[in-house]
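Remarks on the overall topology
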Amino acid sequence: MNFLRGVMGGQSAGPQPSGAETIQKLCDRVASSTLLEDRRDAVRALKSLSKKYRLEVGIQAMDHVIRVLQTDRSDSEIIGYALDTLYNIISNDLEEEEQEDSEEENSQKQIEDLGSQFTEIFIKQQENVTLLLSYLEEFDFHVRWPGVKLLTALLKQQGPQVQQVILVSPMGVSRLMDLLADSREVIRNDGVLLLQQLTKSNAAIQKIVAFENAFERLLDIITEEGNSDGGIVVEDCLLLLQNLLKNNNSNQNFFKEGSYIQRMKPWFEVGDENVGWSAQKVTNLHLMLQLVRVLVSPTNPPGATSSCQKAMFHCGLLQQLCTILMATGVPADILTETINTVSEVIRGCQMNQDYFASVNAPSNPPRPAIVVLLMSMVNERQPFVLRCAVLYCFQCFLYKNQKGQGEIVSTLLPSTIDATGNSVSAGQLLCGGLFSTDSLSNWCAAVALAHALQENAPLKEQLLRVQLATSLGNPPVSLLQQCTNILSQGDKIDRRGSKVQTRVGLLMLLCTWLSNCPIAVTHFLHNSANVPFLTGQIAENLGVEEHVVQGLCALLLGISIYYNDNSLDSYRKEKLKQLIEKRIGKENFIEKLGFISKHELYSRAAQKPQPNFSSPEYMMFDHEFTKLVKELEGVLTKAIYKTTEEDKKEEEVKKTLEQHDNIVTHYKSVIRVQDQELEELKKQVASLKVQNEQLQITVTQQVSQIQQHKDQYNLLKVQLGKDNQHHSSCNDVVQMNGVQPEEISRLREETEEWKHKLEQLEEQLREKDSLIEMLKRSPPPAGTTEGSSQTKSGLEVEGELHREVETLRAQIQSQSTDMAKLQTEKQDLLQQMHAAPASLPGDGATKTADLEGKIAALLQETQTLKNEIVGLMEERTSLKQQLDSANSTAAILRTEKSALKQEVAESKKEQDDLLVLLADQDQKIVGLKNKLKELGEPVEDEDDTESGDQGEEDEEDGKEERED
């Protein structure tokens, strides 16, 4: 320890040891000391020396420090010193800061090599990286934070090698993801930087990080930090998100399906005032816009891009971007990037393109956003990158958008031009740029107009109608003629910028316009000066800068031959080929045609749809035009070498193919109509199946309800049998006790009345039977299959109804028999009553009570019979309705269901009536008791009678016990 104090404090009396000697002695102390405090002090000293003596400490102490990490895990302080020491050895950041102004490039390269070499030594043993990952699980700040910094430095030095070690380590990535959830911001922020290095150019780790809920955590951090108004932490999170999403289709799909696109909308809520755009806010918003472009990049799979575009429209993200686009005070670089972002959000998506067409700038009067953007594109005072962005936006708006193309071209047609001149249309701006003295405006306007005609033959024909007034007093000329005039006079007009650029733009427009449009070719050839101009340009030996123009002239002349319909005798295909052979030569013509695809700027333009150029002179070719050249180059070469006979054969083949195509088109239309009819029939079958299932359910329900009614009827029948027995016993009691003759006569009248009603019911039943027989004999009506099936179902229903009627008929006959028996019993009762004495027997009180109960039962039975007959009449009425509707459809079945429901309600009502009748009978019984009391007969309650009988039995039992 005294030696250590001398080294660190400079208090030694002898000569000072060198740095290497001091480091060696400290390493010996680390290796040999048994006390933890001594090792800790030695490692602390190595840490302080590692910044100045990086090489010496790295060579001599690295193994000892790693051994400390392996053996002294329990002491967090020494572990922290060891991790800091390794970080100072491996990291280049400290050296870069110190030597940024003083050292040369070679020394900087040596520093980088030193860090890379030490990193390679450290990761040579994979156990070292695994050990470091285990320390990241420690919550102690002095262990976790140095571990994060050390692993980040390792990834910076030897990224791919460290990534592979972490990838094969169990739960390696998951341990690193826990850093984002740390409550200490410094660890969380450095964890974001660590994940940035970890996810670079490694799709496997990117997927694991994404599925470890990285998107949710990063978006939460961005929200907590204030979105675009946040600091450097927001920038780091956005860079990490770009690493996870760029060129990773799996993560992009996961991001979209996780509804994370919706959470991006608050990033762009910047308002209209836009006061205080700090440099960090500009950087953050720039990265946010780039992140949106990553999701909708044209290089992504079309399906993934389309789904992200739709999600951005539905969540309002596109609307928010358009608000920034039209806002005031937005910095130029943010505005440019916003235009590029909107371009790719709407590219190829009809819904988004339609919305963009409806956006208006907040001006007075409001102008469409497209018009405002085109005004910037043709304005030479605007920044070059902004004009390129507007051109890209216009191209994306027209990409696969025939509706938008038609709207742009319609603004040039005579019938739609605003005669008042109050508003400027998109077509007028394009024409103004096309004939401007600024070559960049010429090129941009020509390319934009070419995109309005891309793969749209009808619009190419419509554009031939456009007439331009060149000067006062001169007749108007067509747009096609004016383009060729400017092309032929290109060298004579004083322009700002490259003259080649103007001619290249016009030639690309003409090639796009004439391709696959024979009428436009005819109009072009009708001007006798065009073909000599093209042949002259191709035949001349011009400089290298003119090779592009010569190649495009050859392409335009080849298009005029290939798509020529031979309607002009002076410029038929054969004559044009002969002209090429005489004036130019076929080989020379093909060579000049190849100048296009061999040009360096052609290859650069063919890579990406976005016109991204460093300066205006590099704007030569358009991305879509490179596709057209690739498509036509081989075709035109063959067309030039073909003979007249081959052309004739080709024409015949074309006609045959056209006829074949017409036949195929006809059959396709027939098949399409048949498919539509088949789909309609399938829908009808499906609906009929559904109706059939519903009807089967209804029938099942009705059958169950009928069975319930049958069960209720059988129950009432059983109860009626019991009531008949009570009725006969009651007659005996009446015979014994002598009921009043008026009551008997009333019962007789009611019986006769019910008998008459029963005869009427039997008559109605016979009528229904005859109707059923007539329906059975009548032949089924002819009709469709559906009608026959309905007739069969109607006959089945008739059979069921007939069986039910037979059952009801038998029941009514049995009831009529019972009624006849009752009438006979009543006649016998009357005869016995005349012969019976008027006085009651000795136990008259008890028998009188029994008589009253039986009389009540008799009256109740009579009322029940009345209700049953009423119910039978209603039931027969319902049967009549069912028979009348036997041949009807499902609607009549629903009527039967409602009738059955009505019967259930009536049955409930009958039960309620029975309760009312029982109450009336109780009142009558009370009245009869009162009459008996008035006649002087003793009347007791049933409860009193039962209690009296019980008392007499008790007295008799007592007597028997006393006798015993």
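The structure this text deals with has already been given above.
Residues numbered from 1 in each chain as written. Predicted model: local features only at pLDDT ≥ 70, side-chain atom pairs only at ≥ 80, totals over all residues. Heavy atoms only, no water.

**Quick notes on the packing of aromatic side chains**
Summed over all chains, the structure comprises 13 aromatic pairs. Judged by centre distance (6.5 Å) and plane angle (55°), the ring pair of Phe254 and Tyr260 falls under tilted. Take Phe254: its relative accessible area is 25%, and that puts it in the partly exposed class. Seen in terms of ring centroids, Tyr602 and Phe621 are 5.7 Å apart; in terms of plane orientation they differ by 85°. Their pairing is edge-to-face. Pair noted here: Tyr602 is in helix α36 (residues 600-605) and Phe621 is in the loop between α36 and α37 (623-641), with a separation of 19 residues, a long-range link. Across this residue pair, the class does not change: Tyr602 and Phe621 are buried. Taken together, the ring pairs in this structure connect Phe211, Phe215, Phe254, Phe255 and Tyr260 into an aromatic cluster. (Phe/Tyr/Trp six-rings, centres within 6.5 Å; stacked < 30°, edge-to-face > 60°. Buried < 20%, exposed > 50% of the residue type's maximum accessible area, 1.4 Å probe, protein only. Helix = DSSP H or I, 4+ residues; strand = E, 2+ residues; numbered from the N terminus.)

**So, the pattern of salt bridges**
One pass over the structure, following the stated rule, counts 25 salt bridges. We note a salt bridge from Arg503 to Glu546, for which the minimum N-O separation is 2.8 Å. On the criterion of sequence distance, the pair formed by Arg503 in helix α29 (residues 499-514) and Glu546 in the loop between α31 (530-539) and α32 (547-562) is long-range, its members being 43 residues apart. Here the two residues Arg503 and Glu546 agree in accessibility, since each one is buried. Among the salt bridges present, the one from Arg572 reaches Asp569, with a minimum N-O distance of 3.9 Å. (Salt bridge = Lys/Arg side-chain N within 4 Å of Asp/Glu carboxyl O.)

**Focus on the packing of helix α30 (residues 518-526) against α32**
As a packed pair, α30 and α32 sit with axes 9 Å apart at the nearest point and diverge in direction by 115°. Handedness of the α30/α32 crossing: left-handed. Between α30, through Val521, Phe524 and Leu525, and α32, the contact on the second element is made entirely by Leu556, Ile559 and Ser560. Residue composition of the contact of α30 with α32, by class: five nonpolar, one polar and no charged. (Axes fitted to C-alpha atoms, helices over the stretch in contact; angles between N-to-C directions. Left-handed = near helix turned anticlockwise from the far one by under 90°. Contact = heavy atoms within 4.5 Å. Nonpolar A, V, L, I, M, F, W, Y, C, P; charged D, E, K, R; others polar.)

**Some words on the nonpolar core**
Counting residues in hydrophobic clusters, the biggest one holds 211 residues, and the most contacted among them are Leu151, Leu555 and Phe621. A total of twelve residues in this core trace back to one element, the largest contributor, which is helix α23 (residues 384-398). Apart from the residues lying within four places of it in its own chain, the contact partners of Phe621 are Trp443, Met508, Val548, Leu552, Ile596, His599, Leu601, Tyr602, Ala605, Phe613 and Thr626. (Core = buried A, V, L, I, M, F, W, Y, C linked by side-chain atoms within 4.5 Å.)

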